[in-house]
Amino acid sequence: MELNDANLQTLTQFLRKTLDPDPTVRRPAEKFLESVEGNQNYPLLLLTLLEKSQDNVIRVCAAVTFKNYIKRNWRIVEDEPNKISDPDRTAIKANIVNLMLSSPEQIQKQLSDAISIIGREDFPQKWPDLLTEMVTRFRSGDFHIINGVLRTAHSLFKRYRHEFKSNELWSEIKLVLDTFALPLTELFKATIELCQTHATDVNALKVLFSSLTLIAKLFYSLNFQDLPEFFEDHMETWMTNFHGLLTLDNKLLQTDDEEEAGLLELLKSQICDNAALYAQKYDEEFQPYLPRFVTAIWNLLVSTGQEVKYDLLVSNAIQFLASVCERPHYKHLFEDQNTLTSICEKVIVPNMEFRSADEEAFEDNSEEYIRRDLEGSDIDTRRRAACDLVRGLCKFFEGPVTAIFSGYVNSMLAEYAKTPRENWKHKDAAIYLVTSLASKAQTQKHGITQANELVNLTEFFVNHILPDLKSPNVNEFPVLKADAIKYVMIFRSQLPKEQLLQAVPLLITHLQAESTVEHTYAAHALERLFTMRGPNNTTLITAAEMAPCTEQLLNNLFKALAFPGSAENEYIMKAIMRSFSLLQESIVPYIPTLIGQLTHKLLQVSKNPSKPHFNHYLFESLCLSVRITCKANPATVSSFEEALFPVFTEILQNDVQEFLPYVFQVMSLLLEIHSNSIPASYMALFPHLLQPVLWERTGNIPPLVRLLQAYLEKGGETIARSAADKIPGLLGVFQKLIASKANDHQGFYLLNSIIEHMPPESLIQYRKQIFILLFQRLQGSKTTKFIKSFLVFVNLYCVKYGAIALQEIFDSIQPKMFGMVLEKIVIPEVQKVSGPVEKKICAVGITKILTECPAMMDTEYTKLWTPLLQALIGFFELPEDDSIPDDEHFIDIEDTPGYQTAFSQLAFAGKKEHDPIGDAVGNPKILLAQSLHKLSTACPGRVPSMLSTSLNAEALQFLQGYLQAATVQLV
Amino acid sequence: MPTKNVTDERLSKFKNKGKDPAKLREKRITECVELRKAHKNENFLKRRNITLSSLPDEEALSPDYIPNELVTHLSIEDIIKDVNSDCRKSQTRGCQAARKLLSQERNPPLKEIIDAGLLSNFVSFLSMDDEPTLQFEAAWALTNIASGTSWHTQQVVEHGAVPAFISLLSSPMLHISEQAVWALGNIAGDGATYRDVLIECNVIPALLSRISPDTPVGYLRNLTWTLSNLCRNKNPFPPLSAVQQMLPSLVQLLHLSDKDILSDACWAISYLSDGDNDRIEIVVKTGIVPRLVELMSHQELGVMTPALRSIGNIVSGSDLQTETAIDAGVLNVLPKLMRHPKASIQKEAAWALSNIAAGPCKQIQQLITCGLLPPLVHLLRNGDFKTQREAVWAVTNLTSGATVEQVVQLVQSGALEAILNLLQVKDAKVILVILDAINNIFMAAEKLGEMEKLSLLIEELGGLDRIEMLQNHDNEMVYQAAHNIIEKYFSDSDTHGEKVDATEDEFAFQSPDVQKAFEF
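Residues numbered from 1 in each chain as written. Chains lettered and ligands numbered in written order. Predicted model: local features only at pLDDT ≥ 70, side-chain atom pairs only at ≥ 80, totals over all residues. Heavy atoms only, no water.

Considerations on the overall build of chain A
In step 1: When helices and strands are counted, chain A shows 49 helices and 2 strands.
In step 2: Here the C-alpha radius of gyration of chain A, 38 Å, is well above what a compact globule of 971 residues would show, namely 30 Å.
In step 3: In terms of principal-axis extent, the alpha carbons of chain A reach across some 115 × 85 × 65 Å.
In step 4: Burial status across chain A gives 55% buried among its 971 residues.
In step 5: Carbon and sulfur atoms form 51% of the exposed surface of chain A, whose accessible area is close to 40,700 Å². (Helix = DSSP H or I, 4+ residues; strand = E, 2+ residues; numbered from the N terminus. Rg over C-alpha atoms; globule rule 2.2 N^0.38 Å. Buried < 20%, exposed > 50% of the residue type's maximum accessible area, 1.4 Å probe, protein only. Areas by Shrake-Rupley, 256 points an atom, 1.4 Å probe, with all protein chains shown as cover.)

Quick word on the overall build of chain B
In step 1: A count of helices and strands for chain B gives 30 helices and 0 strands.
In step 2: Buried positions account for 61% of the 520 residues belonging to chain B.
In step 3: Approximately 21,100 Å² of chain B is accessible, and the part contributed by carbon and sulfur atoms is 51%.

Topic: the UniProt feature "repeat: ARM" (unreviewed entry) in chain B
Residues and elements named next belong to chain B.
In step 1: UniProt's entry tags residues 160–188, 245–287 and 371–399 with the feature "repeat: ARM" (unreviewed entry), counted in the numbering of this structure.
In step 2: Its end C-alpha atoms 15 Å apart, residues 160–188 is made of 79% helix and 0% strand.
In step 3: In residues 245–287, the share of helix is 79% and the share of strand is 0%. The end C-alpha atoms are 15 Å apart. (UniProt positions renumbered as here; feature names shortened; annotations may be inferred.)

Comments concerning the packing of aromatic side chains
All names here are of chain A.
In step 1: Taken as a whole and assessed by the stated rule, the structure comprises 51 aromatic pairs over all chains.
In step 2: Each ring, one from F775 and one from F810, has its centre 5.2 Å from the other, and the planes form 85°; the classification is edge-to-face. Of this pair, F775 sits in helix 39 (residues 764–780) while F810 sits in helix 41 (residues 803–813), and the two are 35 residues apart along the sequence. Across this residue pair, the class does not change: F775 and F810 are buried.
In step 3: Aromatic ring contacts, followed pair by pair, group F188, F219, F230, F231, W238, F242, Y278, Y282, F286, Y289 and F293 into a single cluster. (Phe/Tyr/Trp six-rings, centres within 6.5 Å; stacked < 30°, edge-to-face > 60°.)

Here we look at the pairing of strand 1 (residues 439–443) of chain A
Residues and elements named next belong to chain A.
In step 1: In the sheet, strand 1 pairs with strand 2 (residues 447–451) via 4 bridges, with the strands oriented antiparallel. The residue of strand 2 that forms the bridge with Q442 is I448.
In step 2: Hairpin connection, strand 1 to strand 2: the antiparallel pair is bridged by 3 residues. (Pairing = 2+ DSSP bridges.)

A short note on the pattern of salt bridges
In step 1: In the structure shown here, the tally under the stated rule is 60 salt bridges over all chains.
In step 2: Its salt-bridge partner being D428 of chain A, residue R383 of chain A comes within 2.6 Å of it at the nearest N-O pair. Residue R383 of chain A is found in helix 21 (residues 382–418), and its partner D428 of chain A is found in helix 22 (residues 420–438); the two are separated by 45 residues along the sequence.
In step 3: Measuring nitrogen to oxygen at the nearest pair gives 3.9 Å for the salt bridge that ties R88 of chain B to E131 of chain B. A residue pair is termed long-range when its members are at least 10 positions apart, and R88 of chain B in helix 4 (residues 88–103) and E131 of chain B in the loop between helix 6 (118–126) and helix 7 (132–146) qualify at 43 residues.
In step 4: For E131 of chain B, a relative accessible area of 17% puts it in the buried group.
In step 5: One connected set of salt bridges, linked through shared partners, spans R120, R159, E163 and E172 of chain A. (Salt bridge = Lys/Arg side-chain N within 4 Å of Asp/Glu carboxyl O.)

Regarding the state of the cysteines
In protein chemistry, a disulfide is the covalent bond that joins the sulfur atoms of two cysteines.
Residues and elements named next belong to chain A.
In step 1: Following the criterion strictly, the structure yields 0 disulfides over all chains and no others.
In step 2: Cysteine C630 is unpaired, with the sulfur of C623 as its nearest cysteine sulfur at 11 Å.
In step 3: Classification of C630 by relative accessible area gives buried; the value is 6%. (Disulfide = S-S within 2.5 Å.)

So, the nonpolar core
In step 1: Grouped together as the largest cluster of nonpolar side chains are 358 residues, with contacts concentrated most on F180, F320, Y711, F775 and W865 of chain A.
In step 2: For Y711 of chain A, the contacting residues outside a window of four places in its chain are M667, L671, I678, Y682, M683, L685, F686, L689, G716 and I719 of chain A.
In step 3: With 165 residues, the next largest nonpolar core counts V83, L379, V395 and I441 of chain B among its residues. (Core = buried A, V, L, I, M, F, W, Y, C linked by side-chain atoms within 4.5 Å. Contact = heavy atoms within 4.5 Å.)

A word on the UniProt feature "domain: Importin N-terminal" (unreviewed entry) in chain A
In step 1: Mapped onto this numbering, the UniProt entry gives "domain: Importin N-terminal" (unreviewed entry) at residues 29–102 of chain A.
In step 2: End-to-end, the C-alpha atoms of residues 29–102 of chain A are 29 Å apart, and along that stretch the chain is 73% helix and 0% strand.

Some thoughts on the packing of helix 19 (residues 356–364) of chain A against helix 20 (residues 366–374) of chain A
Residue and element names in this part refer to chain A.
In step 1: Contact pair helix 19 / helix 20: the axes reach a minimum separation of 6 Å and the direction vectors enclose 120°. Residues D358, A361, F362 and D364 of helix 19 form the contact with helix 20, whose participating residues are S366, Y369 and R372.
In step 2: When its residues are assigned to classes, the contact of helix 19 with helix 20 shows 3 nonpolar, 1 polar and 3 charged. (Axes fitted to C-alpha atoms, helices over the stretch in contact; angles between N-to-C directions. Nonpolar A, V, L, I, M, F, W, Y, C, P; charged D, E, K, R; others polar.)

Digging into helix 23 (residues 457–470) of chain A
Residues and elements named next belong to chain A.
In step 1: If you look at helix 23, its biggest bend is around 35°, right at H464, and the proline P467 turns up within four residues after that.
In step 2: When helix 23 is considered as a whole, its buried residues turn out to be L457, F460, F461, I465, L466, D468 and L469.
In step 3: Tucked inside the fold, the buried residues of helix 23 contact helix 21, helix 22, strand 2, helix 24 (478–490) and helix 25 (497–510).
In step 4: By the N-cap criterion, in which a side-chain oxygen at the helix start approaches the backbone nitrogen of a residue two or three places on, helix 23 is capped by N456, the distance to T458 being 3.3 Å. (Bend = angle between axes of the 7 residues up to and from the residue. Polar contact = N/O pair within 3.5 Å; in protein donor to acceptor, adjacent residues only side chain to side chain.)

Comments concerning a negative patch on the surface
All names here are of chain A.
In step 1: A contiguous patch of negative charge, built from D256, D257, E258, E259, E260, E360, E363 and D364, is present on the exposed surface.
In step 2: Looking at the secondary structure, you find E363 in helix 19.
In step 3: By relative accessible area, which is 57% here, E363 ends up exposed. (Patch = residues over 30% accessible without salt bridge, like charges linked within 9 Å, V, L, I, M, F, W, Y side chains within 5 Å. Lys, Arg positive; Asp, Glu negative; His and termini not counted. Charge placed at Lys NZ, Arg CZ, Asp CG, Glu CD.)

Examining the side chain of D468 of chain A
Residue and element names in this part refer to chain A.
In step 1: Position of D468 relative to the elements: it lies in helix 23.
In step 2: Here the side chain of D468 touches K427 through a polar contact of 3.0 Å, side chain to side chain.
In step 3: Setting aside its immediate chain neighbours within four residues, D468 contacts Y416, K427, L480, K481, A484 and H510.

Things to note about the environment of I508 of chain A
In step 1: You can see I508 of chain A is positioned in helix 25.
In step 2: When sequence neighbours within four positions are dropped, the list of residues in contact with I508 of chain A reads L526, M546, C549, Q552, L553 and N556 of chain A.

Observations regarding unusual backbone geometry
In step 1: Put simply, F123 of chain A and P124 of chain A share a cis peptide bond, and its omega is 0°.
In step 2: Within the element layout of this structure, P124 of chain A appears in the loop between helix 6 (105–122) and helix 7 (130–138).
In step 3: At the junction of N235 of chain B and P236 of chain B, the peptide bond is cis and its omega measures out at -5° in the coordinates.
In step 4: Within the secondary structure layout, P236 of chain B lies in the loop between helix 13 (217–231) and helix 14 (240–254).
In step 5: With a phi angle near 75°, N233 of chain B is a residue other than glycine that sits in the positive phi range.

Some words on helix 12 (residues 235–247) of chain A
Residue and element names in this part refer to chain A.
In step 1: With 13 residues, helix 12 extends 18 Å between its outermost C-alpha atoms, agreeing within 8% with the 18 Å of an ideal straight helix rising 1.5 Å per residue.
In step 2: Among the residues of helix 12, M235, W238, M239, F242, H243, L245 and L246 are the ones counted as buried. Angular distribution of buried residues about the axis of helix 12 spans 165°; they occupy a single face of the element.
In step 3: Along its buried surface, helix 12 packs onto helix 9 (167–197), helix 10 (202–222), helix 11 (229–233), helix 13 (263–281), helix 14 (283–286) and helix 15 (290–303). (Expected span 1.5 Å × (residues − 1). Arc of directions from axis to C-beta.)

Observations regarding the packing of helix 14 of chain B against helix 15 (residues 259–273) of chain B
Residues and elements named next belong to chain B.
In step 1: Across the interface, helix 14 lies against helix 15 with an axial gap of 9 Å and an inter-helix angle of 145°. Relative to helix 15, helix 14 is oriented so that their crossing is left-handed. Contacts from V243, L247, L250, L253 and L254 in helix 14 reach I261, L262, A265, C266, A268, I269 and L272 in helix 15.
In step 2: Considered class by class, the residues forming the contact of helix 14 with helix 15 number 12 nonpolar, no polar and no charged. (Left-handed = near helix turned anticlockwise from the far one by under 90°.)

Quick look at the environment of E756 of chain A
All names here are of chain A.
In step 1: Residue position: E756 is located in helix 38 (residues 744–757).
In step 2: The buried category is assigned to E756, whose relative accessible area is 17%.
In step 3: When the C-alpha atoms of E756 and L737 are compared, they prove to be 19 Å apart, with 19 residues separating the residues in sequence.
In step 4: When residues no more than four places from it in sequence are discounted, the contact partners of E756 are K800, H914 and P916.

Quick notes on the confidence of the model for chain A
In step 1: Mean pLDDT over chain A stands at 91; residues scoring 70 or higher make up 98%.
In step 2: Here helix 46 (residues 891–895) of chain A stands out as the element of chain A with the lowest mean pLDDT, 38, in contrast to helix 28 (residues 550–560) of chain A, whose mean of 97 is the highest. (pLDDT = per-residue confidence, 0-100.)

Quick word on the confidence of the model for chain B
Residue and element names in this part refer to chain B.
In step 1: Across chain B, the average pLDDT comes to 86, with 83% of residues at 70 or higher.
In step 2: Residue range residues 1–23 is modelled with pLDDT below 50. Its contacts to residues more than four positions away, or to other chains, number 75 contacts.
In step 3: Here the predicted complex carries an ipTM of 0.78, next to a pTM of 0.77.

Below you can see the structure in the form of structure tokens.
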């Protein structure tokens, strides 16, 4: 591509087309540009356009295209072709800084980004003159240019803040310091002087303050890894000026905007960060300056307003004080009673106040409010910072701080008492203060677990919390109501049980409050109280204690779901689930109504599932309803099926993907309740469950396998009789699962159920093929997990069909196959089998092979008899081998097909473990002894001689123990 | 100069590397880039105006003695004239004037003297045994030049001063011999190259022969300092044969009581032990470890510091080498040093502890039994940043080698709370090391079946919030590590196909037509 007018023209046309809203115009243009970008001079054509085009739109478009081109192509990847020619690279580096600095801001930003991308690859080795070129511009006196340089430098250096120390990194920093530190310092001083000269010129000040902010950011990056010698030597200059800027206020720079932070706030906020960096990492060197900064930052806090625009500054400033006050050698800075009082009064209390922004959120954006207030996403808020400062101060001054705040709490409560309507916010602050003062440790599961002993929580509850909860009008002062509910919720582990019991009916009443926050908190508090454990690990609050208010609880919870904005309120649904779980059979009388409401809800949400937690708890609640009711009366299962199947059918027909795993689990639960026959309604669905599309989704596999297992258990005969044409499809599912390293165990679950429950004659034609598939997988990619499942299956087959059948089918596939499997798989690997049921199956299966398989006695397999017995005794007596070969650690990753709906297991749809052998064999060791005895009587003399020739002494000893316990002798 | 810095390569420098990759012992690393100022209390590389202990009363020195006030006014030109004259007296006068000029504190005219070509004169004066005053003045002048920059030292060496100084060591005049000791110390201190030039010229036997019960203490001080410079610098280390030659005398010197001798002898040991396990072994074999441990409690900071550093180096060696320090009682001394008012001592002590914590669980048990956990937690909470960093390594090392019970003791001592608080430090590496420790502690909890209890404890201590916040960290590895912990220990688990021929309705159950024989 030549650098000529014709090409510039063409490029201009295509760039213009990339801006076209019509994708049929836009896409081909984008494709064309991508197809030519490998040509030499392409980037230079873009640079020419962004500099010289007459059309501003084209200039910006060229700049953006250029930056994206650099982003995609600049990095040279080993073993891949260099995507940008060397002459182009050289030309770009030679011109870009100049171009960036002389361009208007929109283009400057793009080029600045491009420089930092190039810098990341080439700087410093392959771009040695970049820094000097930039530094020279400091002397230009043009702050448009200077800010361009500073911004570029910032994007180049900011990685010093998070990268690990390395010689390479530090060499680069050293080089940067050598060229950059002194000019930066000079620029800093000069800029501050200019601020004084132009103190009355707003426009000049704005530019200068953005420079200062960038300089302060650069300072942070350059000082992050370690304290550079240069900055240690010039600490006086920097810190004195930073301090000066912290205390500076210029009316001209104050903004009217309430939300957006102004230049002054941004600069001061960065200075707080810089001071915090030095205080944390370079304490020894910074010590002489620290007290000054503490005072300045404290004064700053006292004089800063409540507007949202100051939030970041205030929270940074408070966090600075919080980190300093807990260091032992700065203790003295805070020790004085007056200082402590002022900090409490002027810094902490004002920042704990409920602001109008909080009030707006409470009313109009309750989700956000709840997330901040309840779930702890309040990291950068003032309240959180103030709380951290309280905690920091309590490290050394718990007594005095508690005393000071107690005074405040009392006076704020008194204010409230005088005129509640005007002063309710004082009470809110008082409650917040008590909470932050009292809470020393907290978890989601238990609430506050350690409290400040100097705060009387019970008394506060009785005098100030309970009255609000008891007030007849639940809709009055909703914020205070929410505070009171939250108090009960978070201090639940600290309050005596009788007070909690006193609170429960009141909380139930608050479920009817119109305020979303309030009724959500009530639901959440109830849910948390119901999970509390008492002695004996039972629930603290019992179903009996709840009896008087059971009906109201259930009523109010469902009514709360009717409030606008709470239709899919996960807290309420979780409280429903938890109430069911607590109340157990007490809910049975209400089930007919409840199930109607739940299915109605399910039908609604299935139209557009959007709240995963809500939906999950909804299904859990359904499971609980089924379990609790059918436990008392299994016959009621049909009424649930009547209620649920229409909705389930709709969900299946509409393929509501999120819900399918849940539906399969509930269906399994229902089917498992049936006693030994399968209703026709289920059979009608059976062919649909085999559809490949369902099995392509990972999240469906576990619940579908379980459902098919339930089908087989209850309806093996029925399937063989009336749906025999579906057996290949069923086995096809097995084949599909077995091919995957991630899902093969699920395939075995299914296969085991097939072998266990299907009539043998229905499978005859498929048996050989099943084994061939297993052997192929064994040959192709065997993993420990596969082998373990394979061993369990082989032994189950042996138990079910007999040892002779097993040997014959193996040997029919390939001569001597049976011996090979015993020798290469069973004997060496059986020790790895885990799980009590699995172990029992293997023990019984191997016992059968040893004692009921003539080929083991009379053919060349005889040489395997003793080793197999020895392996079985080892299997009984030695610890399980849980080692995993090194090459298998990453299997899961290899088979993960990317993100898909994860399997959402329902806790209350749990399945009991199935033992196919059951009571038929009590103790497998005794079975072995008895079976050997039987064998030895059938062919006297052979067994003892085989034992004495090659069984090792230790194993023999164990075996004798079994024989004794079974009171049999070998002959 | 031995660096006090711990670098990123720490992980690849475990002392037990190869034996157990989980062990995190670490050596000092020399060649790393520094941003900081050279450390302040590092002992000086070269010295100019040290006092000669054996300098006789000046007037009594010789009949040629010229009082100070008469020589100080000589200009460089006069000096050049004097030194180049044939008259011994003028030469002495010139030489002395030059020496005085070179001894001045501010901007001694090193370059001017060299440029005037006087070095060859001075060197030739060194061999004039019959002119002791001239010999002495020349030696002093050359010493001062050699104390300059490397270039200055190079000029002195290239003029052939080394053999001349070495033969001066055996001068019967003690102050001349001592001046030679001093000059050679400055040359040795320049770096590994000149150090080895000196060793090649057999400086060591010549020096050691001056040590006798009668040697004045002042002389011994300078001699010890020179020996320490001969032990100094890595890449390469001083030759093993030279080390073997010096060690018996150093051991001897370490049993004296003079604090300056002890200080330099300890520094010498600290240089010799600052290397791989073979180097450490040579030091350990001398049996000096108990004495070094004893000197860690010396009241002089100048002795305590290098003694601590030497022991720190030794415990970065093999388990057996560490054992000798433990047997010598290092674990009884460390708690006191960890509470020392000076931050640099705390840091060095924490570093030593981090290496002991990287040992086998038997040594970890000794560490716990000797009560090292409380001071460790104290440092995690209250130390300065560099000390906290070492203390964090100690915790992580301990958690990777300790038994389950030992980890429980660590947690109960308050270390978990302390490291969780440190998750807010502004250092990506330290954060990653802490996250490692948290993982290790979870593995111990898993064995005890107390995972849930630990998760709750971490949440109570405010750790969960901090770990969650780290999922926004700009450092990819920190983000990943934090994310993994959250996924693994603080959330519910998740679960997860392949192509099998299928129709719309069901999969086809079939086996491939071609079949090879099975062979497992």
